[in-house]
Amino acid sequence: MAWTLPLPLVLLALRLMDRRRRFTSAEALRAAVAADRRHTRVDPPAALARRCRVAERRIGAQRCLTLTPPTVRHPAQLTYVHGGGHVAQISPYHWRLLGQLAETVGCTVHVPLYPLAPEHAHPAAFAMLDALYAEQVAQHGAEHCVWMGDSSGGGLALVIAQRAVARGLPAVRDLILISPWLDLALSDPELPHLAPDDPWLDLPGMAAAAAWWAGGDDPAAPHLSPVNASLEGLQRLHVFMGTRDLLWPASRRLLARAQAAGVAMTLHEVRDMIHVWPLLPIAQARPAIQAMSDLIRTPASEGA
């Protein structure tokens, strides 16, 4: 990392920007989404484009960008499904992390810009990501494919892997999920008690985002809430989660289900860390990013 900020300063900035406000109601979230569409630049920052080659192609009507570092040293094909509550576009924080992973590991990174709510419900994103998954395991072999995502993108990456295995496709070598949204129904009973301590997320806006994404389906259904779906057939699963995160309880449930199913899952749980902290310019992100880089480098033959 070129520079970092103290975590208390980042927490203060979140409070001053009232970041959590967008999740306080459906109306606030809709207004935030409208602003996001007007002002957010989705392409990689110029500094990253100077360091990595950026290629673009279409999967159906949607863009998929690929980052290639100057020297490709590793055969891993990393696909990153960005988060944002199923409503927000990819951000500079995502690109910052992806540039670090591409250069540290020396691998190719694929970034699908999938359809978002409220303009689209989940079927449009599923169509794109199902096609990308099938294409990658066919072209590169599942043993070289790693899928990764944060927040809603982490949950979505797991959903796509579960759908692929259910269709008889091979499981990718690793799933690496950062603060994943695993339960769109927000059903854990302790969430109302955890919500006031989360500086990023709140329940009303998240429930609205889940309803938009579900498009009339039950948000608790397994194809939307992967903590409720079968984990059979998956390979290695890694979850990075902080305990000051509204999404934390579902990760504990996922671990219990993985253990019951005999799936190799590691829960990298960090006390007092907030939602998607590895994306932030803080010193506490460094060990998480190093661990992710090591996981991407580790071949399947070396175990979980």
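Check the entry above for the structure.
This text gives an overview of the structure that appears in the document. In this text the structure is predicted, and so the values were computed from the model without any measurement.

Let us now look at the side chain of D183. Checked against the element boundaries, D183 lands in the loop between β6 (174-178) and α7 (191-194). A relative accessible area of 4% means that D183 is categorised as buried. Only 3.0 Å separates the side chain of D183 from the backbone nitrogen of A185, close enough to count as a polar contact. Within polar-contact distance, the side chain of D183 engages the side chain of R253 at 2.7 Å.

All chains considered together, the criterion is met by 17 salt bridges. Residue R20 is joined to D202 by a salt bridge in which the shortest nitrogen-to-oxygen separation is 3.2 Å. Pair noted here: R20 is in the loop between α1 (7-16) and α2 (26-39) and D202 is in the loop between α7 and α8 (203-214), with a separation of 182 residues, a long-range link. Using a relative accessible area of 22% as the deciding quantity, one classes R20 as partly exposed. Accessibility expressed as a relative area gives 12% for D202, which makes it buried. Each member of the salt-bridge network shares a partner with another, and the members are D43, E56, R58 and R63.

What follows is about unusual backbone geometry. Note the cis peptide between A117 and P118, where omega equals 0°. Mapped onto the secondary structure, P118 falls in the loop between β4 (108-112) and α5 (122-140). The residue H86 is not glycine, and still its phi comes out positive at about 65°. The backbone of S179 sits at a positive phi, close to 45°, despite the residue not being glycine. Tracing the chain through its elements places S179 in the loop between β6 and α7. Here S179 falls in the buried class, since its relative accessible area comes to 0%.

Reading guide: rules and limits
- Residues numbered from 1 in each chain as written.
- Predicted model: local features only at pLDDT ≥ 70, side-chain atom pairs only at ≥ 80, totals over all residues.
- Heavy atoms only, no water.
- Helix = DSSP H or I, 4+ residues; strand = E, 2+ residues; numbered from the N terminus.
- Buried < 20%, exposed > 50% of the residue type's maximum accessible area, 1.4 Å probe, protein only.
- Polar contact = N/O pair within 3.5 Å; in protein donor to acceptor, adjacent residues only side chain to side chain.
- Salt bridge = Lys/Arg side-chain N within 4 Å of Asp/Glu carboxyl O.

Worth remembering: the numbers are spatial, not functional.
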